[in-house]
There are 2 protein chains.
Amino acid sequence: MLNELSFFEAAQSIKNGDITSQRLTRDCLDRIEAREKKVKAWSFIDPELALRQAQACDEADSIKGILHGVPFGVKDIIATFDMPTGMGSPIYEGKYFGYDAACVALLRASGAVILGKTVTVEFAGMAPPPTANPHNLECTPGGSSSGSGAAVADLMVPAAFGTQTAGSIHRPAAYCGVIGYKPTFDTFNLHGVWPAAQSLDTLGLIVRSIDDIELISAALLGRPVNLDRPQILKPRIAICKTPLWNIVKPETEEAIKIAQETLEDKGAEITELALPRKFEELVPARDIISSYERARATSYEWFNHRELLSPQLSKAIAKGFGWEYEEYSDALKVGEDCRKILSNLFEEFDAIITPCTAGEAPPDRNSTGDHSHIGMWNLLHVPSYALPTYRGPDNMPVSIQIIGRHGKDNKLFDVAKWVLEQLVSP
Amino acid sequence: MLNELSFFEAAQSIKNGDITSQRLTRDCLDRIEAREKKVKAWSFIDPELALRQAQACDEADSIKGILHGVPFGVKDIIATFDMPTGMGSPIYEGKYFGYDAACVALLRASGAVILGKTVTVEFAGMAPPPTANPHNLECTPGGSSSGSGAAVADLMVPAAFGTQTAGSIHRPAAYCGVIGYKPTFDTFNLHGVWPAAQSLDTLGLIVRSIDDIELISAALLGRPVNLDRPQILKPRIAICKTPLWNIVKPETEEAIKIAQETLEDKGAEITELALPRKFEELVPARDIISSYERARATSYEWFNHRELLSPQLSKAIAKGFGWEYEEYSDALKVGEDCRKILSNLFEEFDAIITPCTAGEAPPDRNSTGDHSHIGMWNLLHVPSYALPTYRGPDNMPVSIQIIGRHGKDNKLFDVAKWVLEQLVSP
């Protein structure tokens, strides 16, 4: 079925005239029809609206752009002019904002078909979503880009937007066994993306094939696709166990160990990186920044619709309004200081491999899991990937996280691609 | 009349029971009624809606917060749940977005009365607004926070929001002869503020008395008001003529010269700062960043409603889509590099005094004037004030710009207050 194609393969096949956008879109819709009752990855799907976009692509005189005719899922905190944007909250359920977020308008301008809106945790926070993990319906898919992770993993759509303030791209990507990409902070335009915490929020991608990242990034940034850079032969990779190594489960330990051994075998220069003590402050600092800023960003809802907020979110907002401003500024300073240190450390290697989640997706639909392994790096504004390279004791996906230097997303792409090829190729 | 009170004075008077919010709000509305036909500072005013808020303040059992009962103007790119937000564009004229921007919700929670929406240049850009300069109706009020500058200067409202991407707070503040405050980048929450260029946009304030800044900042940031810091006695001030000194008019030269001489007389340690050559790249770099990011942020309107965009904005967007991604990244790097250099230079002084606008407001309603003197500092993310200290040959206001160190907004407030007292006190 065409819904099994990666975004990149689908774009190539449509461009070459081998398949139509309508066939592809129909196969995605059929998959959704078959599975959605169980997975609950979508907050809005209108098959006719999706098929009309596909038809317009098929009937166009020439291709509109590099994403021509390929379906894409949009996390439901991102505005779409022709679909409601509900924020996973009863306050905005069914709400039409009347414009497209910049990222959506840019995808459409490059020819993508906006298939529908994927489930978000309430305001990209921490309340449990309706979505199930497609690998085991008893498990959480992670959050807050829960629908994007589940839909891409379950072959309902080849790619989708996620946003990350702590671990909201990489956690669902890892738990669902697909690729998550969080660019350098402030890379993709955020207009029309509902904010959680403005100094942390980053728009990114969830896909099944790493070349999709290059294609979609090129469309969003207005740059040429470049998959012909010289192959990396001996990447310098630092293995970093982080101050959180004591809460890592055996399957993640194992995933890191296998990566280390295999990559060294394949020619990588492997070193071990012990982070300076200062980095122990990252998790609490991120938590202060996130809740301080979230409280402000959600102040309209807090002061006017408090009864419609989940207990989890209410607690976070109350906490956020409780911080002294000095505590918040000090937390920002921790981020700044560690960014400078990390930038110097990066003289010694090309990428860092580190845990992504503690382990497999927890068999618990009332939580979205721990985000601390991802959140500490998110405060550093560096680009990163979640790469599904391993399976845990319950045969659920386990990922490693690979971190690049600030602003060097292309370099990280090359290293991540090489790493995936060594660890996952048949 | 009560509309002549500063925001701070009004807040004190209401708190002390000397005046009511309704009396104050009525005096503001009367002033608007008398002058609005000529000045055109407002895009939305509903007197009953404003008076209902004032009445609720007067009838409350206790004061709601430190801004209790004082009217405030909101630039019309900032969302208000009970008033339309038109962006200065026919695309959004009369549009209700259904929520308050974070900054508006926070002001309301501290008791402010949202008086109405002030005119913005189309999407905070460069097309001429309907607004006139209250000091001379033939002159531009500057932009893009045109209505906020004019309304505060014309005693219609004591304070208003502005936003700045190049010079959109300080230019209208300077041309209209009131105080502009642009905080360190990313200080006030931007949720609900329509973006122009996300790595430059900053929310700030336009007021008539500098203590207003402390009061309103405290409300927005959730920190205590502190006007009792020890008075600054011998601030170290650098006079910086910048690479743009050759396009400064005599009145601005004179304003800087008088500031230099008077402040030295009053005890300041004055030095002259010659910026490194690298800083000559700031104006073109800011221009690239601004148009690149604006094109993305306005992509929905560009691809769907191009016929409703002004020629000025269309040109800027087309330019923005024309940059190579490398040119944009290089421009970002210029900003980063100069921020580092400036941070080191700041070891030697407490603040920089530099031109704000080239000179008085141009007698031209088809332009909003030159923003380059302000824009180059805006790319540096540092806090700054426009301080009206002088009058030009046509008796129009002329300001100096005072720049502080990144994140040191409190320190800059103290220095700016001292400077104003030396230069403007009777």
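Since we're looking at a predicted model, the values are computed, not measured. (Residues numbered from 1 in each chain as written. Chains lettered and ligands numbered in written order. Predicted model: local features only at pLDDT ≥ 70, side-chain atom pairs only at ≥ 80, totals over all residues.)

**Some remarks on the overall build of chain A**
Keep this limit in mind: Strands here mean DSSP runs of E at least two residues long; helices mean DSSP runs of H or I at least four residues long; both are numbered from the N terminus. In this description the radius of gyration comes from C-alpha coordinates, and the expected globular size is given by 2.2 Å times residues to the power 0.38. To sort residues by exposure, count the other C-beta atoms lying within 10 Å of each residue's C-beta; 20 or more gives buried, 12 or fewer gives exposed, and values between give partly exposed, all with C-beta atoms placed from the backbone. C-beta atoms are first placed from the backbone for all residues, and any pair lying within 7 Å is then listed as a contact.
Across its full length, chain A holds 14 helices and 11 strands. The C-alpha radius of gyration computed for chain A amounts to 20 Å, which stays within 12% of the reference 22 Å derived for 426 residues, consistent with globular compactness. With the C-alpha coordinates of chain A rotated into their principal frame, the extents come out at 60 × 55 × 40 Å. Taking all 426 residues of chain A together, the buried fraction comes to 61%. Across chain A, contacts joining residues at least 24 apart in sequence account for 78% of those joining residues at least 6 apart.

**Topic: the domain arrangement of chain A**
Residues and elements named next belong to chain A. Using the following cut-off: Domain ranges listed in this record stem from an automatic or a database domain assignment. We call Asp, Glu, Lys and Arg charged. Ala, Val, Leu, Ile, Met, Phe, Trp, Tyr, Cys and Pro are nonpolar, and the rest, Gly among them, are polar.
Here the domain parsing of chain A yields domain 1 (2-221) and domain 2 (236-280 + 330-424). For domain 1 versus domain 2, the distance between C-alpha centres works out to 24 Å. Taken together, the contact pairs 37 residues of domain 1 with 36 residues of domain 2. Contributions of two or more residues to the side of domain 1 that touches domain 2 are made by α6 (170-176), β5 (179-182) and α7 (211-221). No other element matches α6, which puts 6 residues into the side of domain 1 that touches domain 2. A class-by-class count of the residues in the side of domain 1 that touches domain 2 yields 18 nonpolar, 15 polar and 4 charged.

**Section: the nonpolar core**
Condition: Under the definition applied here, buried Ala, Val, Leu, Ile, Met, Phe, Trp, Tyr and Cys residues are grouped into a nonpolar core through C-beta atoms within 7 Å.
Judged by nonpolar contacts, the single largest core of 279 residues is most densely connected at A:Phe72, A:Cys103, A:Ile402, B:Phe72, B:Cys103 and B:Ile402. Ignoring sequence-local partners within four residues, the contact set of A:Cys103 consists of A:Ile78, A:Phe161, A:Phe188, A:Asn189, A:Leu203 and A:Leu220.

**What to know about the interface of chain A and chain B**
On the chain B side, the residues contacting the 28 residues of chain A number 28 residues. Considering only residue class, the side of chain A that touches chain B consists of 15 nonpolar, 7 polar and 6 charged.

**Some details on the confidence of the model for chain A**
Using the following cut-off: Looking at any residue, its pLDDT shows the predictor's confidence there, from 0 to 100.
Taken residue by residue, chain A gives an average pLDDT of 97. The fraction at 70 or more is 100%. Under the prediction, the complex receives an ipTM of 0.97, its pTM being 0.98.

**So, the relation of the copies chain A and chain B**
Cut-off, in case you're wondering: We place the copies in one frame by least squares, fitting the C-alpha atoms of every residue whose pLDDT is at least 70 in both.
Mapping chain A onto chain B leaves a residual RMSD of 0.0 Å; the transformation is a rotation of 180° accompanied by 0.0 Å of translation along its axis. Taken together, the rotation angle and the small translation identify this as a two-fold axis. The rotation axis passes nearest to the C-alpha of A:Phe97 in chain A, at a distance of 3.3 Å. Here 100% of the contact residues of chain A are again contact residues in chain B; the copies associate through an equivalent surface.

**Some remarks on the pairing of strand β7 (residues 236-240) of chain B**
Residues and elements named next belong to chain B. What counts is decided by this rule: A pair of strands is treated as paired once DSSP finds two or more bridges between them. Here a crossover is taken to be right-handed if, once the strands point away from the viewer, the path from the first strand over the helix to the second is traced clockwise.
Inspection of the sheet shows β7 paired to strand β8 (residues 269-273) by 5 bridges, in the parallel sense. Each bridged residue has a counterpart across the sheet, and for Arg236 the counterpart in β8 is Glu269. A crossover connection joins β7 to the parallel β8 through helix α8 (residues 250-265); in handedness this β-α-β unit is right-handed. Two elements, β7 and strand β9 (residues 351-355), share 3 bridges in a ladder whose sense is parallel. Bridge pairing in β9 places Ile239 opposite Ile353.

**Things to note about α8(B)**
Residues and elements named next belong to chain B. Heads up, the condition is: Here a helix's expected span is defined as the number of its residues, less one, multiplied by 1.5 Å. Directions are taken from the helix axis to each C-beta atom, and the arc is the one they span.
Over its 16 residues, α8 extends 22 Å from the first C-alpha to the last, a length consistent with the 22 Å expected when each residue adds 1.5 Å. All buried positions along α8 are accounted for by Glu251, Thr252, Ala255, Ile256, Ala259 and Leu263. Down the axis of α8, the buried set is contained in an arc of 140°. They therefore lie on one face. Facing away from the buried surface of α8 by more than 90 degrees, the exposed residues are Pro250, Lys257, Glu261 and Asp265. In the segment just after α8, Gly267 is the residue with positive phi, at about 115°.

**Some points on the packing of helix α9 (residues 282-297) of chain A against helix α12 (residues 325-345) of chain A**
Residue and element names in this part refer to chain A. Counted only if it meets this: Between N-to-C directions, angles cover 0 to 180 degrees, with each direction set by a line fitted to C-alpha atoms, over the stretch in contact for helices. The labels follow the angle: roughly parallel below 35 degrees, roughly antiparallel above 145, roughly perpendicular from 65 to 115, and oblique for the rest. Note: crossing handedness is left-handed where the near helix turns anticlockwise from the far helix by less than a right angle, and right-handed where it turns clockwise.
Between α9 and α12, whose axes approach to 9 Å, the crossing angle comes to 130°. As summarised for this structure, α9 and α12 are arranged oblique, according to the angle between their axes. Between α9 and α12 lies a crossing whose hand is left-handed. Between α9 and α12, the residues in contact are Leu282, Ala285, Ile288, Ile289 and Tyr292 and Glu327, Tyr328, Ala331, Leu332, Val334, Gly335 and Cys338, respectively.

**A word on unusual backbone geometry**
Residue and element names in this part refer to chain A. Cis geometry marks the peptide bond from Gly143 to Ser144; its omega dihedral reads 5°. Within the secondary structure layout, Ser144 lies in the loop between β3 (113-118) and α5 (146-153). Although it is not a glycine, Asp186 sits at a positive phi angle of roughly 75°. With respect to the helices, strands and loops of the structure, Asp186 is situated in the loop between β5 and β6 (202-207).

**What about the packing of helix α2 (residues 21-39) of chain B against helix α3 (residues 47-59) of chain B?**
Residues and elements named next belong to chain B. At their nearest, the axes of α2 and α3 sit 8 Å apart, and the two run at 160° to each other. One element, α2, and the other, α3, form an angle in the roughly antiparallel class. Like other packed secondary-structure pairs, α2 and α3 cross with a definite hand, here right-handed. Here Ser21, Gln22, Thr25 and Leu29 of α2 lie close against α3, whose contacting residues are Pro47, Ala50, Leu51, Ala54, Gln55, Cys57 and Asp58. The residue makeup of the contact of α2 with α3, split by class, is 6 nonpolar, 4 polar and 1 charged.

**Some words on the environment of A:Tyr92**
All names here are of chain A. Checked against the element boundaries, Tyr92 lands in the loop between β2 (71-75) and α4 (102-109). With 23 C-beta atoms packed within 10 Å, Tyr92 lands in the buried category. In this structure, Tyr92 is in contact with Thr85, Gly86 and Met87, ignoring residues within four places of it in sequence.

**Focus: the environment of B:Thr120**
Residue and element names in this part refer to chain B. Note that Thr120 resides in the loop between β3 (113-118) and α5 (146-153). Looking at Thr120, the number of C-beta atoms within 10 Å reads 31, which means it is buried. Counting along the chain gives 222 residues from Thr120 to Leu342, while the straight-line C-alpha distance between them is 32 Å. In this structure Thr120 touches Lys75, Asp76, Ile77, Met87, Gly88, Ser144, Ser145, Ser146 and Gly147, once residues within four positions along its chain are discounted.

**Digging into the environment of B:Gly407**
Residue and element names in this part refer to chain B. Relative to the assigned elements, Gly407 resides in the loop between β11 (397-403) and α14 (409-424). Note on Gly407: 21 C-beta atoms within 10 Å, which makes it buried. It is 19 Å that separates the C-alpha atoms of Gly407 and His170, two residues lying 237 residues apart in sequence.

**Here we look at helix α11 (residues 311-322) of chain B**
For α11(B), built from 12 residues, the straight-helix expectation of 16 Å at 1.5 Å per residue is met to within 8% by its first-to-last C-alpha distance of 16 Å. Looking at the buried positions of α11(B), the neighbouring elements they touch are α9 (282-297) and α10 (299-304) of chain B.

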